[in-house]
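# Residue-level structure breakdown
One-letter residues, chain by chain:
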Amino acid sequence: MLQFFFRRLASLLLSLAGASVLVMFVLEVLPGNAAQTMLGPDAAPEAVQALYEQLGLDQPVLRRYGDWIGGLLRGDMGESYAYGIPASELILESLKLTLPLALLAIALAIAMALCAGIYAAARHNRAGDVLTMGLTQIGIAVPNFWLAILLIMLFAVRLRWFSAGGFPGWSSEYGGGPWPALKALLLPALALAMVQAAMLARMTRSAMLEVLREDYIRTAQAKGLARWQVLLGHALRNALIPVVTVAGLQFANLLAGTIVVENVFQLPGLGRLIFQAIENRDMVVVRNCVLLLSAMVIVVNFLVDLAYAWLDPRIRHTRTRRAALSAPA
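Counting from 1, residues in each chain are numbered in the order their sequence is written. With pLDDT at 70 or above as the cut-off, local features in this predicted model cover only qualifying residues; side-chain atom pairs require 80 or more to be listed or tallied, and sums for whole chains, interfaces and linings still use all residues. For side-chain calculations, the full set of non-hydrogen atoms in the structure is used, while hydrogens and water are omitted.

Under an unreviewed UniProt entry, the name given to the protein chain is ABC transporter permease, and the organism recorded is Vandammella animalimorsus. Reading the Subcellular location (unreviewed entry) entry of the UniProt record for the protein chain gives the comment "Cell membrane". UniProt positions are given in the numbering used here, feature names are shortened, and annotations may be inferred rather than shown by experiment. Quoted verbatim from the Sequence similarities (unreviewed entry) field of UniProt, the annotation for the protein chain is "Belongs to the binding-protein-dependent transport system permease family."

What follows is the structure, encoded as structure tokens:
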């Protein structure tokens, strides 16, 4: 297991390095001038050029990349062009909303998907199975921003159970607090979760049906175990192996989906920060935010690989055995 861990850790570090190179050089080819955007279209060319040099944009791209990575290793993300404050402060403040939103959304998605997938598998080819799979097909086809608008119209405008947008904050000093904050995040998390839950429910159903055909399931049934004991005690753990993998990959979709959903609900999160930074050509904030999102996806996939190996020890043993066989004598 230790050898498997270090191999995956090396892959994680290489992926992070590749992502940083890709982010830096893709942003370099984007049109526009941050200095011109900050000073306005009517600014004098001399003032634009002076600000351009002050921001360090006249330096070679390789030097700016080295300065950026060196700063990241020291914990310095640079200073925002638009706001004039450290980019780390903006990003950390936004993460206080985006990270709980994404975690709440993935928790809701997994809970709904497991319930729906197990229910459908237990009633295979019956009315409950057909109805559940029909609903998941509709859920896959619905865009999360359109679902967010429907949730606002139903629960905020018509029923008035939730606010239509905004975030009161986690501190009770300005009228916020843990419960008002979670309540403000519930509708956005539901809008993000339902599409992912629909896809994950279909995967859960397929995995459960495959496991339920195994011999050890028939042995458990022959011992007289109750149906729920067979489903939850014997079938679910093995069925979770592909489900965990898909759930980890879906976390990337949730992070990307926050950019749209946060703007629908007017939430001051990381997605809205990226949107505003792109409008302002604030490349310092954009590249740090994009790299952070990439790093979060890479780390989640790393954790998924570890969970995959823990759930199915054959994976790590097989890979270790292959590595040993391929080693020179």
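### A look at a nonpolar patch on the surface
Patch definition: residues with relative accessible area over 30% and no salt bridge; like charges joined within 9 Å; nonpolar side chains (Val, Leu, Ile, Met, Phe, Trp, Tyr) joined within 5 Å. For accessible areas, the Shrake-Rupley method is used with a probe of radius 1.4 Å. Any residue's cover is judged against the shown protein chains and nothing else. A carboxyl oxygen of Asp or Glu within 4 Å of a side-chain nitrogen of Lys or Arg is what we treat as a salt bridge. Taken together, the side chains of Phe-145, Trp-146, Ile-149, Leu-150, Met-153 and Val-260 present a nonpolar region at the surface, about 540 Å² in accessible area. Ranked by residue count, the leading element in the nonpolar patch is helix α7 (residues 144–158), at five residues. Summarising the element assignment, Val-260 is placed in helix α10 (residues 227–264). Segments assigned H or I by DSSP are reported as helices when at least four residues long, segments assigned E as strands when at least two residues long, and all are numbered from the N terminus.

### Topic: the packing of helix α6 (residues 127–141) against helix α8 (residues 178–212)
To obtain each axis, a line is fitted to C-alpha atoms, and for helices this fit is confined to the stretch in contact; angles are then taken between N-to-C directions over 0 to 180 degrees. Here α6 crosses α8 at 140°, and the two axes come no closer than 7 Å. Between α6 and α8, the interaxial angle falls into the category oblique. Between α6 and α8 lies a crossing of left-handed hand. Contact with α6, carried on its side by Asp-129, Met-133, Thr-136, Gln-137, Gly-139 and Ile-140, involves Val-195, Ala-198, Met-199, Ala-201, Arg-202 and Arg-205 of α8 and no other residues of that element. Polar here means any residue outside two lists: the nonpolar Ala, Val, Leu, Ile, Met, Phe, Trp, Tyr, Cys and Pro, and the charged Asp, Glu, Lys and Arg; Gly therefore counts as polar. In terms of residue class, the contact of α6 with α8 is made up of six nonpolar, three polar and three charged. Orientation labels follow simple angle bins: below 35 degrees gives roughly parallel, above 145 gives roughly antiparallel, 65 to 115 gives roughly perpendicular, and whatever is left gives oblique. Left-handed describes a crossing whose near helix is turned anticlockwise from the far helix through less than a right angle; right-handed describes the clockwise counterpart. The contact criterion used throughout is that any non-hydrogen atoms of two residues lie within 4.5 Å.

### Overview of the UniProt feature "transmembrane region" (unreviewed entry) in the protein chain
Here, UniProt's "transmembrane region" (unreviewed entry) annotation points to residues 101–122, 134–161, 181–201, 239–261 and 290–311. The span residues 101–122 shows a helical share of 100% and a strand share of 0%, and its end C-alpha atoms are spaced 32 Å apart. Between the C-alpha atoms that bound residues 181–201 the distance is 28 Å, and the span itself is 100% helix and 0% strand.

### Points about empty space enclosed by the protein
Cavity means a closed set of points on a 1 Å grid over the protein atoms alone, one where a 1.4 Å probe fits but cannot get out, pocket means an open set with protein on both sides within 12 Å along at least 5 of 7 lines, and lining means a residue has an atom within 4 Å of a point. Grid points are joined across faces, edges and corners, and a volume is the space filled by probe spheres set on the points. Per the stated rule, a full pass over the model turns up one cavity of 30 Å³ or more. If you add up the space inside the largest cavity, you get close to 50 Å³. Every residue lining the largest cavity is listed: Phe-162, Ser-163, Ala-164, Gly-165, Gly-166, Lys-183, Ala-184, Leu-187, Pro-188, Phe-265 and Leu-267. A breakdown of the residues in the lining of the largest cavity according to their chemical character gives seven nonpolar, three polar and one charged.

### Some points on the pattern of salt bridges
Where side chains of opposite charge bring their charged atoms close, a pairing between them can arise. Per the stated rule, a full pass over the model turns up two salt bridges. For Lys-96, the salt bridge identified is with Glu-93, shortest N-O distance 3.5 Å. Pair noted here: Lys-96 and Glu-93 are both in helix α5 (residues 87–122), with a separation of three residues, about one helical turn. A relative accessible area of 47% places Lys-96 in the partly exposed class. A salt bridge links Asp-129 to Arg-205, with the shortest nitrogen-to-oxygen separation between them at 2.7 Å. Taken together, the positions of Asp-129 in helix α6 and Arg-205 in helix α8 put the pair 76 residues apart, joining distant regions of the chain. Of the two residues, Asp-129 and Arg-205, neither departs from the other in class, the shared state being buried. Type-normalised accessible area, obtained with a 1.4 Å probe on protein chains alone, sets the label of each residue: buried when under 20%, exposed when over 50%, and partly exposed for intermediate values.

### Considering α5
Across its 36 residues, α5 extends 51 Å between first and last C-alpha, which sits within 8% of the 52 Å expected from 1.5 Å per residue. To get the bend at a residue, fit one axis to the 7 residues ending there and another to the 7 starting there, then take the angle between the axes. Where α5 bends most, the angle comes to about 40°, and this point is Leu-95. Helices are assigned an expected span. That span is 1.5 Å times one less than the residue count.

### Re the side chain of Thr-132
As for its position among the elements, Thr-132 is in helix α6. Within the local environment of Thr-132, its side chain forms a polar contact with the backbone oxygen of Gly-128, the two atoms lying 2.7 Å apart. Discounting chain neighbours no more than four positions away, the residues touching Thr-132 are Ala-116, Tyr-119 and Ala-120. A 3.5 Å cut-off defines polar contacts: any pair of N or O atoms within that distance qualifies, except that in protein one atom must be a possible hydrogen donor and the other a possible acceptor, and neighbouring residues in sequence count only when both atoms are side-chain atoms.

### Remarks on the environment of Val-284
Topologically, Val-284 is positioned in helix α12 (residues 283–311). Taking the C-alpha atoms as reference points, Val-284 and Pro-86, 198 residues apart in sequence, are found 9.6 Å from one another. Among all residues touching Val-284, those that are not within four sequence positions of it are Met-77, Gly-78, Glu-79, Tyr-81 and Ala-87.

### Let's talk about the packing of aromatic side chains
In this analysis, rings of Phe, Tyr and Trp, with Trp reduced to its six-membered ring, are considered paired at centre separations within 6.5 Å, and the interplanar angle assigns stacked below 30 degrees, edge-to-face beyond 60, and tilted for intermediate values. Under the criterion given, the structure shown has four aromatic pairs. Geometrically, the ring pair formed by Phe-155 and Phe-162 is edge-to-face, given 6.3 Å between the ring centres and 85° between the ring planes. Since its relative accessible area comes to 19%, Phe-162 is described here as buried. Each residue in the set Phe-25, Tyr-65 and Trp-68 is aromatic and connected to the rest through ring pairs, giving one cluster.

### Some details on the confidence of the model for the protein chain
Within the protein chain, residue pLDDT values average 79, and 86% of them lie at 70 or more. The predictor's confidence in any single residue is recorded as pLDDT, a number from 0 to 100. Looking over the protein chain, one finds the lowest element-wise mean pLDDT in helix α13 (residues 313–326), namely 50, and the highest in α5, namely 87. Scored below 50 in pLDDT, residues 319–329 shows six contacts in the model against residues more than four places distant or in partner chains.

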